[in-house]
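Structural overview for review
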Amino acid sequence: QVHLVESGGGVVQPGESLRLSCAASGFTDFTFSSYAMNWYRQAPGREREFVAAITRAGDNTIYAGSVKGRFTISRDNDKNMTYLQMSSLKLGDTGVYYCDAVRDSRRSWGQGTQVTVSS
């Protein structure tokens, strides 16, 4: 299993920006570049929802409609890192954000990092 650790969460006001990081380690059979990476989030009392995804080489991305145009997912395969740059944050963006590594239907999850947008 790939070990993932999210960081960068915090409390911000609406309209501000925040960058989340996800560090990957513990590879056994494959390298970080063999995994597509995703970001999910879960608000209190809500189901976990998809936020963004990025391909292995970082040449293609997908975003949920609620964050498209405001969030940017990226990765640095040399550092085994995935990032989620969040801009123009809204109250509805509040939740625990998780990164996810997937390869051939196998998935690994991080512990999550809390993002709170409050006025």
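Each remark here, short or long, concerns the structure printed above.
Residues numbered from 1 in each chain as written. Predicted model: local features only at pLDDT ≥ 70, side-chain atom pairs only at ≥ 80, totals over all residues. Heavy atoms only, no water.

1. With respect to the state of the cysteines
Counted by the stated rule, this structure contains 1 disulfide. Across a sulfur-sulfur distance of 2.0 Å, Cys 22 and Cys 99 are joined as a disulfide pair. When the S-S torsion is 55°, as for the bridge of Cys 22 with Cys 99, the disulfide is right-handed. On the criterion of sequence distance, the pair formed by Cys 22 in strand 3 (residues 18-25) and Cys 99 in strand 9 (residues 95-103) is long-range, its members being 77 residues apart. (Disulfide = S-S within 2.5 Å. Helix = DSSP H or I, 4+ residues; strand = E, 2+ residues; numbered from the N terminus.)

2. Considering the pairing of strand 4 (residues 36-42)
Consecutive side chains of a regular strand alternate in pointing toward one face of the sheet and then the other. Of all 7 residues in strand 4, 6 are buried, a share of seventy percent or more. Bridging between strand 4 and strand 9 involves 7 bridges; their strand directions are antiparallel. When the sheet's bridge partners are listed, Trp 39 is paired in strand 9 with Cys 99. Relative to strand 5 (residues 49-54), strand 4 is paired through 5 bridges, and the arrangement is antiparallel. Bridging from a neighbouring strand, Met 37 pairs with Ile 54 of strand 5. A loop of 6 residues connects strand 4 with strand 5, the two strands running antiparallel in sequence, and Gly 45 in this loop sits at a positive phi of about 75°. (Buried < 20%, exposed > 50% of the residue type's maximum accessible area, 1.4 Å probe, protein only. Pairing = 2+ DSSP bridges.)

3. Side note on unusual backbone geometry
Positive phi outside glycine occurs at Asn 80, with the angle close to 55°. When you line up the elements, Asn 80 lands in the loop between strand 7 (71-76) and strand 8 (81-86). Judged by relative accessible area, which is 25%, Asn 80 ranks as partly exposed. Even without a glycine there, the phi angle at Ser 105 is positive, about 70°. Mapped onto the secondary structure, Ser 105 falls in the loop between strand 9 and strand 10 (106-109).

4. Focus: the nonpolar core
Within the largest apolar cluster, 26 residues are counted, with the highest numbers of intra-cluster contacts made by Trp 39, Leu 84, Met 86 and Tyr 97. Residue assignment for this core shows that the elements contributing at least two residues are strand 3, strand 4, strand 5, strand 7, strand 8, strand 9 and strand 11 (113-117). (Core = buried A, V, L, I, M, F, W, Y, C linked by side-chain atoms within 4.5 Å.)

5. Notes on the sheet that holds strand 3
Within a sheet, neighbouring strands are paired by backbone hydrogen bonds and run either parallel or antiparallel to one another. The strand order across the open sheet formed by 4 strands is 1-3-8-7, and the pairing between neighbours is antiparallel. A single partner strand is all that each edge strand has here, and the edge strands are strand 1 (3-7) and strand 7. Going across the sheet, the axis of each strand differs from the next one's by a mean of 15°, ignoring polarity. As paired strands, strand 7 and strand 8 are joined by 6 bridges and run antiparallel to one another. (Axes fitted to C-alpha atoms, helices over the stretch in contact; angles between N-to-C directions.)

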